[in-house]
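Inside the fold
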Amino acid sequence: MRIRKTAAAGAVVLALAATATACGGESGSAGDKPAGGEVYSGDYKVASAPKIDSAVLKKAQQAKKIVVGVKADQPFLGFKDPATNKYSGFDIEIAKMIAADLGFSEKQIEFQTVDSNVRETKISGGAVDFYVGTYTINDERKKQVGFAGPYYTAGADLLVSKDNKSITGPDSLRGKKVCSITGSTPLQEIKKSKYGAKTTELGKYSDCVKNVLDGSVDAVTTDDAILKGYAAQRPTKLRVVGKPFTKEPYGVGMNKDDKALRNAVTSALENHIKNGDYQKAYEGTLGKSGSKYTAPQTPLPRY
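A quick note: this is a predicted structure, and the numbers were derived from the prediction, not measured.

1. Quick look at the overall build of the protein chain
If you tally the helices and strands in the protein chain, you get 10 helices and 13 strands. Look at the contacts in the protein chain between residues 6 or more apart in sequence, and 73% of them connect residues 24 or more apart. When the accessible surface of the protein chain is summed, it comes to about 13400 Å², and 49% of that surface belongs to carbon and sulfur atoms.

If you want it as structure tokens, here you go:
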């Protein structure tokens, strides 16, 4: 949509702010619906529960449900529609594939919104059985949680206003105000002195996007896959610079000591990559934001 200055732009910002405040981290921001209103939902065959020595899986089987931590404000990846309270996106489909291979139907999945700054706490404390939410595998996190994957590799990029021509990549950030979220790997990267950026830390990327729209920051930095989703929602207002400057391998996070579950999740990922479910899900979700499909490697490493 075309938005004039002042009143119209202010209305958009106010709508974003009101919904972000109301949702309290449980849903996406106002207007954050997939472009065209399309929501992909795959139908995955539920397998017999694997007979493995996994404390997490045994607990889930007893409860007859599996609790999956996800994001709620990332269009095409992990998004919760405020109108329906339903989750959609590529990460949601990955979670459903894994759950199916662990013996759980979609109705037996309890999605729980988990913000980046509490992921390790939620996983290690057992609040979620596993986590799928643009979760970069790195050495520091592996000290606290286990990972299966990577199932996708993104790269840190920059989201700016459509008419911002001064930011052309990470080397043009000196003195610029850049927003990211607490606990994210892109935030730690952009704080490095070589970039010279002035950083703002918030709790949600949707709040960072709001700040770009109202002009209080110059850019948002996070993975390109996430940023393309926001840009696809507001193509006349936002753009992704398109100069990735890191590699972000996404993994499925889980209890560090539950190797049996980690291997089962890895096998599930391999299965759905090989049978074509993965590509269909990608093209029906993340692919719609402009992210080009790239076949992931198989077999996947086990972390």
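Resuming the write-up.
2. Thoughts on unusual backbone geometry
Omega for the peptide link from G149 to P150 comes to 10 degrees, which places this bond in the cis form. The backbone of K64 sits at a positive phi, close to 60 degrees, despite the residue not being glycine. Structurally, the position occupied by K64 is in the loop between α2 (55–63) and β1 (66–70). With a relative accessible area of 62%, K64 lands in the exposed category.

3. Here we look at the sheet that holds strand β4 (residues 87–88)
Strand order in the open sheet formed by three strands is β2-β3-β4, and the pairing between neighbours is antiparallel. Looking at strand neighbours, the two that pair on one side only are β2 (73–74) and β4, the edges of this open sheet. Sheet analysis places β2 next to strand β3 (residues 78–80), joined by two bridges and oriented antiparallel. Looking across to β3, one finds that Q74 is bridged to G78.

4. Here's the deal with the pairing of strand β13 (residues 248–255)
For β13, the buried fraction is high: six of the eight residues fall into the buried class. As paired strands, strand β7 (residues 145–154) and β13 are joined by seven bridges and run antiparallel to one another. Considered in β13, the bridge of T153 is made with P249.

5. With respect to the packing of aromatic side chains
In this description, an aromatic ring pair is defined by two values, namely the gap between the centres and the angle between the planes. Throughout the structure, instances matching the rule amount to 13 aromatic pairs. With centroids separated by 5.7 Å and ring planes inclined at 55 degrees, the aromatic side chains of Y195 and F245 adopt a geometry described as tilted. Of this pair, Y195 sits in the loop between α6 (185–190) and β10 (198–202) while F245 sits in the loop between β12 (238–240) and β13; the two residues are 50 residues apart in sequence, bridging distant segments of the chain. In this structure, Y195 and F245 share a single accessibility class: buried.

6. Considerations on the environment of D81
Turning to its location among the elements, D81 is positioned in the loop between β3 and β4. Side-chain polar atoms of D81 contact the backbone nitrogen of A83, separated by 2.8 Å.

7. Some details on the sheet that holds β10
The five strands are arranged β10-β9-β11-β8-β12 in an open sheet whose pairing can be described as mixed. At either margin of the open sheet sits one strand with a lone partner, and together these are β10 and β12. With direction set aside, neighbouring strand axes in the sheet form an average angle of 30 degrees. Bridging between strand β8 (residues 156–161) and strand β11 (residues 219–223) involves four bridges; their strand directions are antiparallel. Opposite A156, over in β11, you have D223 as the bridge partner. The strands touched by helix α7 (residues 205–213) within the sheet are β8, β9 (177–181), β10, β11 and β12, with β11 carrying the most contacts at an inclination of about 150 degrees. Relative to the sheet, helix α8 (residues 224–233) contacts β8, β11 and β12, its axis offset from that of β11 by approximately 130 degrees.

Calculation criteria
- Residues numbered from 1 in each chain as written.
- Predicted model: local features only at pLDDT ≥ 70, side-chain atom pairs only at ≥ 80, totals over all residues.
- Heavy atoms only, no water.
- Helix = DSSP H or I, 4+ residues; strand = E, 2+ residues; numbered from the N terminus.
- Contact = heavy atoms within 4.5 Å.
- Areas by Shrake-Rupley, 256 points an atom, 1.4 Å probe, with all protein chains shown as cover.
- Buried < 20%, exposed > 50% of the residue type's maximum accessible area, 1.4 Å probe, protein only.
- Pairing = 2+ DSSP bridges.
- Phe/Tyr/Trp six-rings, centres within 6.5 Å; stacked < 30°, edge-to-face > 60°.
- Polar contact = N/O pair within 3.5 Å; in protein donor to acceptor, adjacent residues only side chain to side chain.
- Axes fitted to C-alpha atoms, helices over the stretch in contact; angles between N-to-C directions.

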